Amino acid sequence: MKRQKYYFDIKLKIARALFFLNALTWVGFGIYLFREMAGFDNRLSAVILAIFMLGNAAAMLISGLAIYKRLKWGYFFGIAVLAVNILLTFTDQFGIADFLTLLV
């Protein structure tokens, strides 16, 4: 029984780390996109897209924390966040950034 609990704890730590890595990736993408787009004449679009990306990063961070704390709603929230991310990854132009986040 202790062995199963030990492996379950390791799986939770891995899940938390992957959610945090994905959140960090989205923060990086948001900052990069804002810097690239703000140089042109579409600052409002850059701000809106950066807010969406930072919101996604926040959802990933909350999911990672909630799953690690073993909150029941956290599991469903995390699955929903992942499902929406996977769905949106395939509905847009699929590039290297999409591949990296899908891989994580």
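Residues numbered from 1 in each chain as written. Predicted model: local features only at pLDDT ≥ 70, side-chain atom pairs only at ≥ 80, totals over all residues. Heavy atoms only, no water.

Asker: Teacher, can you tell me more about the side chain of Asn56 here?
Answerer: With respect to the element layout, Asn56 can be found in helix H2 (residues 43–68). In this structure Asn56 comes out as buried when scored by relative accessible area, which is 15%. Within the local environment of Asn56, its side chain forms a polar contact with the side chain of Asn85, the two groups lying 2.8 Å apart. The contacts of Asn56, once residues within four sequence positions are left out, are Trp26, Val81 and Asn85. (Helix = DSSP H or I, 4+ residues; strand = E, 2+ residues; numbered from the N terminus. Buried < 20%, exposed > 50% of the residue type's maximum accessible area, 1.4 Å probe, protein only. Polar contact = N/O pair within 3.5 Å; in protein donor to acceptor, adjacent residues only side chain to side chain. Contact = heavy atoms within 4.5 Å.)

Asker: Please explain the packing of aromatic side chains as it appears in this structure.
Answerer: Each aromatic ring pair is described using two quantities: the centre-to-centre distance and the angle formed by the ring planes. Under the criterion given, the structure shown has four aromatic pairs. Here Trp26 and Phe29 contribute two aromatic rings whose centre-to-centre distance is 5.9 Å and whose plane-to-plane angle is 85°, an arrangement assigned as edge-to-face. On the criterion of helical spacing, the pair formed by Trp26 and Phe29 is a turn pair, its members being three residues apart in helix H1 (residues 2–38). It is Arg16 that lies over the ring of Tyr68; its NZ or CZ is 3.9 Å from the centre. (Phe/Tyr/Trp six-rings, centres within 6.5 Å; stacked < 30°, edge-to-face > 60°. Lys NZ or Arg CZ within 6 Å of the ring centre and 35° of its normal.)

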